[in-house]
Amino acid sequence: YRDLVEKIIKYGNSYSKWCKVEIDYGSGIKFSPAQLQVMEYILENEDGNQTMNDIAKRLGISQSAFSKNVKRMVEKRLLSKRYSEYNHKNVIIEVTEAGREAYEVYAENVYHNSFKKLFDILDEIPREYIDKFTHMMDLASGNSET
């Protein structure tokens, strides 16, 4: 399986170099893929009222890296913070209207320029193979819970 492992390693190295670079995807605001992952996760889980620690764990990043990304996005007015009404120690992160608009521009851009070709290939693969590969990637990323 050397070819596959080599491609996974190459992807990981390429992504780690690229994920911190801030780019303007057409909204007039620069942000990094790492920051976008945070925003995307928050958008997809808005009803969860998850704490910053919960989200960092789910994304597989350290609390300090997560906090730095959130701080940068709050400074850019893409995110806002508030305290949980049930526990004032827990900080809830929300995407602002400006963040939603910037994310929509990004999503459209990255879909057409990156993911469309990938999704076209995935459309040709049986779902059970995709599920197995997803499980394999969880194992490769150190998530032995799945």
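Use the structure listed above.
Residues numbered from 1 in each chain as written. Predicted model: local features only at pLDDT ≥ 70, side-chain atom pairs only at ≥ 80, totals over all residues. Heavy atoms only, no water.

Is there a simple way to think about the packing of aromatic side chains in this case?
To describe a pair of aromatic rings, you give the distance between the ring centres and the angle between the ring planes. Under the criterion given, the structure shown has eight aromatic pairs. With centroids separated by 5.7 Å and ring planes inclined at 50°, the aromatic side chains of Y103 and Y106 adopt a geometry described as tilted. With a gap of three residues between them, Y103 and Y106 both fall in helix α5 (residues 97-122), about one helical turn apart. What makes Y103 buried here is its relative accessible area of 11%. A relative accessible area of 12% places Y106 in the buried class. Taken together, a centroid distance of 6.1 Å and an interplanar angle of 40° make the contact between Y111 and F119 tilted. What makes Y111 partly exposed here is its relative accessible area of 32%. By way of ring pairs, the aromatic residues Y25, F31, Y103 and Y106 are connected into one cluster. (Phe/Tyr/Trp six-rings, centres within 6.5 Å; stacked < 30°, edge-to-face > 60°. Helix = DSSP H or I, 4+ residues; strand = E, 2+ residues; numbered from the N terminus. Buried < 20%, exposed > 50% of the residue type's maximum accessible area, 1.4 Å probe, protein only.)

Is there a simple way to explain helix α4 (residues 63-75) in this structure?
Side chains that are three or four residues apart share a direction in an α-helix, a result of its 3.6 residues per turn. Here α4 spans 18 Å end to end across 13 residues, near enough to the 18 Å set by a 1.5 Å rise per residue. Here the buried face of α4 lies against α2 (33-44), α3 (52-59), β3 (79-83) and β4 (91-95). Within two residues after α4, R77 carries a phi angle of roughly 65°, on the positive side. (Expected span 1.5 Å × (residues − 1). Contact = heavy atoms within 4.5 Å.)

How should the pattern of salt bridges be read in this particular structure?
A side chain of one charge can pair with a side chain of the opposite charge when the charged atoms of the two come close. Taken as a whole and judged by the stated rule, the model has eight salt bridges. Linking E75 and K71 is a salt bridge whose minimum nitrogen-to-oxygen distance equals 3.5 Å. Residue E75 and its partner K71 are both found in helix α4; the two are separated by four residues, about one turn of the helix. Linking E94 and R82 is a salt bridge whose minimum nitrogen-to-oxygen distance equals 2.9 Å. Here the residue E94 occupies a position in strand β4, and R82 occupies one in strand β3, the gap between them amounting to 12 residues. The class of E94 is partly exposed, set by a relative accessible area of 31%. Looking at R82, the relative accessible area reads 31%, which means it is partly exposed. Put simply, E22, K71, R72, E75 and K76 are held in one network by salt bridges that share partners. (Salt bridge = Lys/Arg side-chain N within 4 Å of Asp/Glu carboxyl O.)

Sorry, what's going on with a nonpolar patch on the surface here?
Nonpolar side chains collect at one region of the surface, where Y111, F115, L118, F119, I121, L122, I125 and Y129 lie side by side and expose about 690 Å² of accessible area between them. Among the elements that line the nonpolar patch, the one with the most residues is α5, at six residues. Secondary-structure assignment places L118 in helix α5. (Patch = residues over 30% accessible without salt bridge, like charges linked within 9 Å, V, L, I, M, F, W, Y side chains within 5 Å. Areas by Shrake-Rupley, 256 points an atom, 1.4 Å probe, with all protein chains shown as cover.)

Mind showing me how you'd approach the nonpolar core here?
Across soluble globular proteins, you tend to see nonpolar side chains buried next to one another. In terms of nonpolar packing, the biggest core is built from 23 residues, with M39 and L79 touching the most fellow members. Put simply, the parts of the chain that give this core at least two residues each are α2, α3, α4, β4 and α5. With six residues, the top contributor of residues to this core is α2. Ignoring any residue separated from it by four or fewer positions in sequence, one finds M39 in contact with M73, L78, L79, V95, G99 and Y103. (Core = buried A, V, L, I, M, F, W, Y, C linked by side-chain atoms within 4.5 Å.)

Please explain the packing of α2 against α5 as it appears in this structure.
When two helices pack together, you describe them by how their axes are tilted relative to each other and by the distance separating the axes. Packing of α2 against α5 leaves a shortest axis separation of 11 Å and a crossing angle of 110°. Between α2 and α5, the angle falls in the class roughly perpendicular. When you trace α2 past α5, the crossing you get is left-handed. Between α2, through L36, M39, E40 and L43, and α5, the contact on the second element is made entirely by G99, R100, Y103 and Y106. Among the residues forming the contact of α2 with α5, the class breakdown is five nonpolar, one polar and two charged. (Axes fitted to C-alpha atoms, helices over the stretch in contact; angles between N-to-C directions. Parallel < 35°, antiparallel > 145°, perpendicular 65-115°, else oblique. Left-handed = near helix turned anticlockwise from the far one by under 90°. Nonpolar A, V, L, I, M, F, W, Y, C, P; charged D, E, K, R; others polar.)

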